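# Commentary on secondary and tertiary structure
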Amino acid sequence: MSGDQSAPLPSEELHLVLRLRNEQRELHDIKFDFTIGKDTSQSVSQELVEAGLVDGQDLIVMAANLDKMVEKRERQIIFRLNSGCGPNEAPCDKSLLGFAQLTLVD
């Protein structure tokens, strides 16, 4: 046996907060962890959809922005949602109407 079979490197865990409005237009902060080397952006986004925390229409955009955050380690990303606005509402990135904010926390 060679020395190459040592214990695997510890996985890096990122602590994230997703802020978005629910169907009643109330802001919610969803805290979750992303373990590099274990989780994928697609699987974590799918879990958020299955838990009813993210609309299914936003699965792809959520996964893409989560992937961007993990790869580039950006502190914060605000992105447009597919689901976020009613017929008489205008999207607004400042109030997160039709947008979501993903933040990397320490």
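One can find the structure itself at the top, above this paragraph.
Our subject in this report is the structure included herewith. (Residues numbered from 1 in each chain as written. Predicted model: local features only at pLDDT ≥ 70, side-chain atom pairs only at ≥ 80, totals over all residues. Heavy atoms only, no water.)

One number sums up the size of the largest pocket: a volume of about 400 Å³. Forming the walls of the largest pocket are 19 residues, and the residues nearest its centre are Arg21, Asn22, Glu23, Leu53 and Asp55. When contributions to the lining of the largest pocket are tallied by element, the ones reaching two or more residues are strand S1 (13-21) and strand S2 (27-35). Here the residues of the lining of the largest pocket sort into 7 nonpolar, 7 polar and 5 charged. (1 Å grid on protein atoms, 1.4 Å probe; cavity = no way out; pocket = protein on both sides within 12 Å on 5 of 7 lines; lining within 4 Å. Points joined across faces, edges and corners; volume = space filled by probe spheres on them. Helix = DSSP H or I, 4+ residues; strand = E, 2+ residues; numbered from the N terminus. Nonpolar A, V, L, I, M, F, W, Y, C, P; charged D, E, K, R; others polar.)

Let's shift gears to the nonpolar core. Grouped together as the largest cluster of nonpolar side chains are 21 residues, with contacts concentrated most on Leu18, Phe32, Leu48, Leu66, Phe79 and Leu102. Counting residues per element, the ones that place at least two in this core are S1, S2, helix H1 (41-50), helix H2 (59-72), strand S3 (76-80) and strand S4 (99-105). Residues within four places of Phe32 in sequence aside, it is in contact with Leu14, His15, Leu16, Leu18, Val44, Leu48, Met62, Leu66 and Leu102. (Core = buried A, V, L, I, M, F, W, Y, C linked by side-chain atoms within 4.5 Å. Buried < 20%, exposed > 50% of the residue type's maximum accessible area, 1.4 Å probe, protein only. Contact = heavy atoms within 4.5 Å.)

In an α-helix there are 3.6 residues to a turn, and that puts residues three or four apart on one side. With 14 residues, H2 ought to run about 20 Å at 1.5 Å a step, and its terminal C-alpha atoms sit 20 Å apart, in line with that. Where H2 is concerned, the buried positions are Leu59, Val61, Met62, Ala63, Asn65, Leu66, Met69 and Val70. In this structure, the buried residues of H2 make contact with S1, S2, H1, S3 and S4. Directly beyond the C-terminal end of H2, a positive phi value near 55° is found at Arg73. (Expected span 1.5 Å × (residues − 1).)

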